Amino acid sequence: MSQERPSWDEYFSQLARMVASRSTCIRRKVGALLVKEERIVATGYNGAPQGIAHCLDVGCLREEKGIPSGYRYELCRGVHAEQNAIINAARYGVSTIDSVLYCTHQPCMLCSRMLVNAGVIRVVHQGDFNDEFAIRILKEAGIEVTEIRV
């Protein structure tokens, strides 16, 4: 009896969805994993910094002001999933050089710049966000970008 196994991209993309379930964002639940040699080195989901009230508890200022997705990031109390994955790796002294990011959504331009400087070599995302400048930044830096549907 043969059992079909998911590819590594499918496997880690599915795990990113599980990580996203911890998100405290009202608008969009995002999960991210940093992987090296088929091993998870860090995870992150979007939400308020440690010790700060979550949007689930106090509401969303961007939602209240009617600010569309992709604009006025500075008015959000949340840290993006990709940023949290990089921060979590740094906090525990784990290198992100030559890692692959798996994310439930396409990274924004803020996260894309951080991914470049973190040494990420590939980004696998599940779409659901359209920031052409972010993709241009990643590709200009030589980072392979793959969109996958799981």
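The structure under discussion appears in the preceding block.
Fair warning: this is a prediction, and the values are worked out from it, not measured in the lab.

K.L.:
Would you mind going over the pattern of salt bridges with me for this structure?
P.N.:
Side-chain pairs of opposite charge can arise where the charged atoms are in close proximity. The final tally for this structure, using the stated rule, is 5 salt bridges. Its salt-bridge partner being Asp9, residue Arg122 comes within 2.7 Å of it at the nearest N-O pair. Here Asp9 lies in helix α1 (residues 8–20) and Arg122 lies in strand β4 (residues 122–125), a separation of 113 residues in the sequence. Taken as a pair, Arg122 and Asp9 share a single burial class, namely buried.

K.L.:
Would you take a moment to explain the pairing of strand β1 (residues 31–36) for this structure?
P.N.:
Remark: a regular strand shows side chains that alternate across the two faces of the sheet. Most of β1 sits inside the fold, with 5 of its 6 residues counted as buried. Here β1 pairs with strand β2 (residues 39–45) via 6 bridges, running antiparallel. Bridging from a neighbouring strand, Ala32 pairs with Gly44 of β2.

K.L.:
Mind showing me how you'd approach α1 here?
P.N.:
Every α-helix winds through 3.6 residues per turn, so residues three or four apart in the chain are directed the same way. Between the first and last C-alpha of α1 there are 18 Å, a value that for 13 residues agrees with the 18 Å anticipated at 1.5 Å per step. Along α1, the positions that sit buried rather than exposed are Asp9, Phe12, Ser13, Ala16, Val19 and Ala20. Projected onto a plane normal to the axis of α1, the buried residues spread over an arc of 110 degrees and lie on a single side. Elements in contact with the buried residues of α1: β1, β2, β3 (100–103) and β4.

K.L.:
It is not clear to me how the sheet that holds strand β5 (residues 144–147) should be interpreted in this structure. Could you clarify?
P.N.:
Strands in a sheet are paired, the pairing made by backbone hydrogen bonds, and the direction either parallel or antiparallel. Spatial strand order, β2-β1-β3-β4-β5: 5 strands in an open sheet with mixed pairing. Pairing within the sheet leaves two strands with one partner each, and these edge strands are β2 and β5. Across the sheet, the mean angle separating the axes of adjacent strands is 15 degrees when strand polarity is ignored. Where α1 meets the sheet, its contacts fall on β1, β2, β3 and β4, and the angle it forms with β1 comes to roughly 140 degrees. Each of β1, β2 and β3 touches helix α4 (residues 81–91); the most contacted strand, β2, lies at about 130 degrees to it.

K.L.:
Got a minute to help me understand unusual backbone geometry in this structure?
P.N.:
Phi at Glu37 is positive, roughly 50 degrees, even though this residue is not glycine. Note on placement: Glu37 falls in the loop between β1 and β2. Judged by its relative accessible area of 74%, Glu37 falls in the exposed class.

K.L.:
Would you explain the side chain of Arg122 in this entry?
P.N.:
Relative accessible area serves as the criterion here: at 16%, Arg122 is assigned to the buried category. At a separation of 2.7 Å, a polar atom in the side chain of Arg122 contacts the side chain of Asp9. The contact partners of Arg122, leaving out residues within four places of it in the chain, are Asp9, Ser99, Val100, Leu101, Tyr102, Ile143, Glu144 and Thr146.

Analysis parameters
- Residues numbered from 1 in each chain as written.
- Predicted model: local features only at pLDDT ≥ 70, side-chain atom pairs only at ≥ 80, totals over all residues.
- Heavy atoms only, no water.
- Salt bridge = Lys/Arg side-chain N within 4 Å of Asp/Glu carboxyl O.
- Helix = DSSP H or I, 4+ residues; strand = E, 2+ residues; numbered from the N terminus.
- Buried < 20%, exposed > 50% of the residue type's maximum accessible area, 1.4 Å probe, protein only.
- Pairing = 2+ DSSP bridges.
- Expected span 1.5 Å × (residues − 1).
- Arc of directions from axis to C-beta.
- Contact = heavy atoms within 4.5 Å.
- Axes fitted to C-alpha atoms, helices over the stretch in contact; angles between N-to-C directions.
- Polar contact = N/O pair within 3.5 Å; in protein donor to acceptor, adjacent residues only side chain to side chain.

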